[in-house]
Amino acid sequence: MTAGFVANAVLEEIQRRVPIVEVVSHYVTLKRQGRNYVGLCPFHTEKTPSFSVSPEKGLFYCFGCGAGGNVFTFLMRIEGWDFRSAVERLAERAGVPLQSASRQGARTSERERAYAIYQIAAEAFRRCLAGTSGQLARAYLKHRGITLTAAETFGIGFCPSGAELQQALAREGVSVAEARRWGLLGEARDGRLYPRFAGRVMFPIRNLTGNVAGFAGRTIADQTPKYLNSPETDIFRKGEMLFGLFEARQAIRESGRVVVVEGYLDVVSLAQAGIREVVATMGTALTGAQLQLLRRFTDEVLVCFDGDDAGRRAAERAFIVAAQAGVWAKAVFLPQGEDPDSFVRSSGAEAVLAAFDRAVPLADFFFERKAPAPGASLARRARAVSEVADVLQTVEDPVLWELLVRRAAELLGVDEHLLRGRATRQAGQSALPPPVPVRAEQNARPEEVTLVQAIALSREAAEEVAAKNAWSLFASPDLASVAKQLAEAWSRAEDPLGVLHALPLEIQSAVAEYAVGRGPLAGANLVQVARDCVAKLLQRQRRRQFEVLTAELRAAERAGDAQQIAVLAERLRQLREQPEQA
Ligand SMILES: [Zn+2]
C-alpha cells in the first residue's frame, strides 16, 4: 500500500523522527498516564480528558468522539490540511527529503500561498521597523516602553507609506493581485494602489503552527481606526484566534494557566516583564470558540478586566459566553484606571501576579452581582432569580449546569430546588452526558470490519487470513481490498500502522482505540479473533449457498425437472457434509 506520491518507507521514517506526542503537544496539553498520554480532545468539547496518544504505536484516539488515527490524520483533522500537505510539513520538520518530482507536482494550496505571502510581508515590516522609515515607529514603541527584544519576540514591524512594501513583495514574487487579495494593498478612488497598513505598527497574528495568518496594525499618528486588521478569510478568523497564543504555549504549559487581555501591547508588555502566559483578543469581545481553544491548553483560564464599571459589565458578558461554551473561567480585576500594560509598568510584575492569584470564578462574580441585597423587596428577589435562571437555561453542558445551579442557589440565597425548576435547560431535561456519536457504517458488516482491524494490528492474524485466502469471502469489495493490501504490507515487512491514514475512517478509529488499550479488541488474541471472523464469513457463505440451492431446487420441483432435481439435491447433500471450518 502506498500513499500515491510517497513510499511507505518514507512515511515510516517521518513518523520515527517526529514523535506523535511532540506534534500533538503543540495543540493539546498532554499528561503521561501509564504507557499513554492523555489530554482534552481538540476535536470535541470536554471537561475530563478522553483523548489518548500512544507513543509506541504512534496513534491517537478519543473515547469521547471516536476520532483516531496517526500523526498525519491528526494534522489533517486539526489543520484542515490534505494528506500531501501533512506529509510535506512533517517531512520538512523531520529533515526527510521527498522526491523533487513529487514536490514539483504538488499543488500548493491557496492557504499555503497566503501563509507564504504574509511571511514575506511580516519580514518586510520588520526590516522597515529597523530601517530609516521606521524611525517614528521605533520612537512610539520606546515611548510605550517596548524594548526591541520584546518587539522581535512577537515579530513586530512597521508598514511605511512609501513603495518599500510593494518593492519587497515584488522582489519575492508576490503579485499585485495577490497583495490586494490578502489585504496588504488597498486601491484608492483614482485606482492608485497604496499599502493598506501605511503608517502603522504591525503585529503579526500567528496560528497554532506558527504561520502568520493575518496582521493587526496600530496607527502611530491619529488615523482611524486606531487598529486595523487583515480581512477575515479562511485562515484568519478573529473570533477563533488569539494574539500571542503561539508564542505563549510553552509558558501556559509551565504555569498551568492562561490570561486573556484586550490589547496587543498588554501581551508584549507583560511578556517583557516575564509574564508570558498571556494572550489577547483582537478588537472583538471574547468568544466561546476562543475560550474552548484555550481550554485545550489548560483548565485555568483567567480573563482580565478593568476595575471600572465598564470592566464589570464586560465580565458579566464574559460569564454568559463562557457558560454557554461550557468553560469554567475566572476573572481578574485590575485597579481602577489601569490596564495590564500601565499596571505592570507602575506597580511591577509582582503586583500583576498577585492580581492574577486573586482571580475569582466568573460564576461567583456574576451570581454575587445579581444577588439581592439583604432586606431587598420580594419583587427584587424574584427578578434576581429570574435573571440568573434565564442565563442558566442556555447552558448546554450538563456538568457545568449542575455546578452553576448549586453555586447560584448558594450565592443568591435561594432554594436550590426552586432555581433548578426555573433554570431547567431547554435542550434536554436530564443531566446525563450526551450519547457518544455512532460511527458511520459501524454495523454494516461487523465481522469484516473486525477482521480488517485484526489484520492491521497483527502480523500473525494477517498470515492466518492470507493462508485461508479468505478475501473472496468478503461481501464488501472495498474492505476485501484493504484487508489484502494490509496483509501484503506485513509480508513486505512494512508496518501497516504507518499507512493507517489510507484506511477507512472507522477502521482507523478502531485500530487507534485498540492501540491505546481500549475497545472491544483490547486484550484479545488477535489470531483467534481473525479465525473466528473467517469462520463466521464461511458460515455466512454456506448459508447463502444453501439459500440459493434450496430456491433452485424448489423451482426445479415446480417445473417437474427430475434431472435438475437430482443434481441440486446432490449438491445440497455435499454442502451439508462439508466441514464447518475451512
Ligand atoms: Zn474527542
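Definitions and limits used
Residues numbered from 1 in each chain as written. Predicted model: local features only at pLDDT ≥ 70, side-chain atom pairs only at ≥ 80, totals over all residues. Heavy atoms only, no water. Helix = DSSP H or I, 4+ residues; strand = E, 2+ residues; numbered from the N terminus. Rg over C-alpha atoms; globule rule 2.2 N^0.38 Å. Contact = heavy atoms within 4.5 Å. Areas by Shrake-Rupley, 256 points an atom, 1.4 Å probe, with all protein chains shown as cover. pLDDT = per-residue confidence, 0-100. Buried < 20%, exposed > 50% of the residue type's maximum accessible area, 1.4 Å probe, protein only. Pairing = 2+ DSSP bridges. Axes fitted to C-alpha atoms, helices over the stretch in contact; angles between N-to-C directions. Parallel < 35°, antiparallel > 145°, perpendicular 65-115°, else oblique. Nonpolar A, V, L, I, M, F, W, Y, C, P; charged D, E, K, R; others polar. Salt bridge = Lys/Arg side-chain N within 4 Å of Asp/Glu carboxyl O. Donors = N, O, S within 2.8 Å, 3.2 Å for Na, K, Ca; no water. Tetrahedral: all angles 85-135°; square planar, octahedral: opposite > 155°, others 65-115°. Arc of directions from axis to C-beta.

Some details on the overall build of the protein
Logical step 1: Along the protein, the regular secondary structure elements total 26 helices and 16 strands.
Logical step 2: On C-alpha atoms alone, the protein measures out to a radius of gyration of 31 Å, which is more than a quarter above the 25 Å that the 2.2 N^0.38 rule sets for 582 residues.
Logical step 3: Overall size of the protein, expressed as C-alpha extent along the three principal axes, is 105 × 75 × 50 Å.
Logical step 4: Once local pairs closer than 6 in sequence are excluded, the contacts in the protein between residues at least 24 apart make up 66%.
Logical step 5: Accessible area for the protein stands at about 27600 Å²; split by element, carbon and sulfur atoms hold 50% of it.

Section: the confidence of the model for the protein
Logical step 1: Looking at the protein, pLDDT values average 85 and 91% of them are 70 or higher.
Logical step 2: Model confidence for the protein, summarised as mean pLDDT per element, is weakest for helix H5 (residues 100-105) at 45 and strongest for strand E13 (residues 278-280) at 98.
Logical step 3: This stretch, residues 101-107, has a pLDDT under 50; its non-local contacts, to residues over four places away or in other chains, come to five contacts.
Logical step 4: Taken together, the stretch residues 427-444 has pLDDT below 50 and engages in 19 contacts with residues farther than four places along the chain or on a different chain.

Some remarks on the pairing of strand E12 (residues 257-261)
Logical step 1: The buried fraction of E12 is high, at five of five residues.
Logical step 2: Side chains Arg257, Val259 and Val261 of E12 all project onto a buried face; the interleaved residues Val258 and Val260 project onto the opposite face, where all are buried too.
Logical step 3: Summarising the sheet, E12 and E13 pair through three bridges and their orientation is parallel. The residue of E13 that forms the bridge with Val261 is Ala280.

Quick look at the packing of helix H17 (residues 362-370) against helix H18 (residues 378-392)
Logical step 1: Remark: H17 packs on H18, axes separated minimally by 9 Å, with the N-to-C direction vectors making an angle of 150°. Our classification of the angle between H17 and H18 gives roughly antiparallel. Along the contact surface, H17 presents Phe366, Phe367 and Lys370, while H18 presents Arg380, Ala384, Glu387, Val388, Val391 and Leu392.
Logical step 2: Here the contact of H17 with H18 is built from residues that sort into six nonpolar, no polar and three charged.

Some remarks on the pattern of salt bridges
Logical step 1: Enumeration according to the criterion identifies 35 salt bridges in this entry.
Logical step 2: Of the charged contacts, one joins Glu387 and Lys370 as a salt bridge, the two residues approaching to 2.9 Å between their closest N and O atoms. Residue Glu387 is found in helix H18, and its partner Lys370 is found in helix H17; the two are separated by 17 residues along the sequence.
Logical step 3: For Glu387, a relative accessible area of 32% translates into the label partly exposed.
Logical step 4: Residue classification places Lys370 among the buried positions, given a relative accessible area of 14%.

Observations concerning unusual backbone geometry
Logical step 1: Residue Pro225 is reached from Thr224 by a cis peptide bond, and omega for that bond is -5°.
Logical step 2: Within the secondary structure, Pro225 is located in the loop between strand E10 (212-219) and strand E11 (227-229).
Logical step 3: A positive phi angle, close to 50°, is found at Asn469, a residue other than glycine.
Logical step 4: With respect to the helices, strands and loops of the structure, Asn469 is situated in the loop between helix H22 (459-467) and helix H23 (477-491).

Concerning the pairing of strand E2 (residues 36-39)
Logical step 1: Side-chain alternation along E2 places Asn36 and Val38 on one buried face and Tyr37 and Gly39 on a second face that is also buried.
Logical step 2: Bridge count between strand E1 (residues 31-33) and E2: three bridges; the pairing is antiparallel. Considered in E2, the bridge of Lys31 is made with Val38.
Logical step 3: Remark: two residues form the turn of the hairpin made by E1 and E2, two consecutive strands paired antiparallel; Gly34 in that turn has positive phi of roughly 65°.

Considering the coordination of the zinc ion
Logical step 1: Taken together, Cys41 (SG), His44 (ND1), Cys62 (SG) and Cys65 (SG) make up the protein donors of the zinc ion, found 2.1 to 2.3 Å from the metal.
Logical step 2: The coordination sphere of the zinc ion comprises four donor atoms, whose angles at the metal cover 103 to 118°; the geometry is tetrahedral.
Logical step 3: Mapped onto the sequence, the donors of the zinc ion take the spacing C-x2-H-x17-C-x2-C. Of this pair, His44 sits in the loop between E2 and strand E3 (51-54) while Cys62 is found in strand E4 (residues 59-62), placing the two residues 18 residues apart along the sequence.

Digging into the sheet that holds E10
Within a sheet, neighbouring strands are paired by backbone hydrogen bonds and run either parallel or antiparallel to one another.
Logical step 1: Spatial ordering of the open sheet is given by E6-E9-E10-E11, a layout of four strands whose pairing is antiparallel. The open sheet has two edge strands, strand E6 (157-159) and E11, and neither has a second partner. The sheet shows a mean angle of 35° between the axes of neighbouring strands, direction not considered.
Logical step 2: Both E6 and strand E9 (residues 200-206) contribute to a ladder of three bridges, which runs antiparallel. Of the residues in E9, the one forming a bridge with Phe158 is Val201.
Logical step 3: Here helix H6 (residues 110-130) sits on the sheet in contact with E6, E9 and E10, set at roughly 35° to E10.
Logical step 4: Of the strands in this sheet, E9, E10 and E11 touch helix H12 (residues 264-272), which is tilted by about 80° from E9.

So, helix H9 (residues 164-171)
Logical step 1: Turning to H9, its buried residues are Leu165, Ala168 and Leu169. Burial along H9 is one-sided: seen end-on, the buried residues are contained in an arc of 95°. Exposed residues lying more than 90 degrees from the buried face of H9 are Ala170 and Arg171.
Logical step 2: Tucked into the core, H9 has its buried residues touching H6, E6, helix H10 (176-181), strand E7 (185-187) and strand E8 (193-195).
Logical step 3: Count one or two residues on from H9 and you reach Gly173, which has phi positive near 80°.

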